[in-house]
Amino acid sequence: MRPMAGPNRLHQIYSGNLLGEIRQHLKGQRHQVYHAPFDVRLTTAGADGDQQIQTVVQPDICVVCGPDQARRLRLPGRAGLDY
């Protein structure tokens, strides 16, 4: 595994501007917007039916639409409980 470099200045400007636009668009709705660094754990059901973490990603921006999706994504902290 090779460590990744942090995002450059332009990347930060673009993702920050996009984050602001998304937040403004979703204002007053039940969606939550998160920005990096933020782990999203992608799971798959195992043979016994238990979910197992297969991949962890850190998207620049993540929109979670409702508490059920927050629980399904296994977001850290109180995500999904504050709606």
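Residues numbered from 1 in each chain as written. Predicted model: local features only at pLDDT ≥ 70, side-chain atom pairs only at ≥ 80, totals over all residues. Heavy atoms only, no water.

## Remarks on the confidence of the model for the protein
Phase 1: Of all residues in the protein, 70% attain a pLDDT of 70 or more, and the chain-wide mean is 76.
Phase 2: At the level of individual helices and strands, the protein shows its lowest average pLDDT in helix α2 (residues 67–73), which scores 60, and its highest in helix α1 (residues 9–26), which scores 92.
Phase 3: Per-residue pLDDT stays below 50 along residues 77–83; that stretch engages in twelve contacts with residues further than four places along the chain or on separate chains. (pLDDT = per-residue confidence, 0-100. Helix = DSSP H or I, 4+ residues; strand = E, 2+ residues; numbered from the N terminus. Contact = heavy atoms within 4.5 Å.)

## Section: the state of the cysteines
Phase 1: Across all of its chains, the model carries zero disulfides by this definition.
Phase 2: Cysteine Cys 62 is unpaired, with the sulfur of Cys 65 as its nearest cysteine sulfur at 9.1 Å.
Phase 3: Taking relative accessible area as the criterion, Cys 62 reaches 10% and is therefore assigned buried. (Disulfide = S-S within 2.5 Å. Buried < 20%, exposed > 50% of the residue type's maximum accessible area, 1.4 Å probe, protein only.)

## What about unusual backbone geometry?
Phase 1: Following Ala 36, the chain continues into Pro 37 via a peptide bond in cis, with omega recorded as 0 degrees.
Phase 2: In this structure, Pro 37 sits in the loop between β1 (31–35) and β2 (40–45).

## Focus: α1
Phase 1: Taking 1.5 Å of rise per residue, the 18 residues of α1 would be expected to cover 26 Å, and the 26 Å separating its terminal C-alpha atoms lies within 8% of that figure.
Phase 2: By the burial criterion, the buried members of α1 are Ser 15, Leu 19 and Leu 26. Burial along α1 is one-sided: seen end-on, the buried residues are contained in an arc of 45 degrees. Turned more than 90 degrees away from the buried face of α1, the exposed residues are Arg 9, Tyr 14, Glu 21, Gln 24 and His 25.
Phase 3: Sitting at the amino-terminal end of α1 is Asn 8, which places a side-chain oxygen 3.1 Å from the backbone nitrogen of Leu 10.
Phase 4: Positive backbone phi, approximately 85 degrees, marks Gly 28, located one or two places after α1. (Expected span 1.5 Å × (residues − 1). Arc of directions from axis to C-beta. Polar contact = N/O pair within 3.5 Å; in protein donor to acceptor, adjacent residues only side chain to side chain.)

## With respect to the environment of Asp 60
Phase 1: Position of Asp 60 relative to the elements: it lies in the loop between β3 (51–57) and β4 (61–65).
Phase 2: Judged by relative accessible area, which is 36%, Asp 60 ranks as partly exposed.
Phase 3: Every residue in contact with Asp 60, bar those within four places of it in the chain, is listed here: His 11, Ser 15, Tyr 34, His 35 and Ala 36.
Phase 4: Polar side-chain contacts of Asp 60 include one of 3.0 Å to the side chain of His 11.

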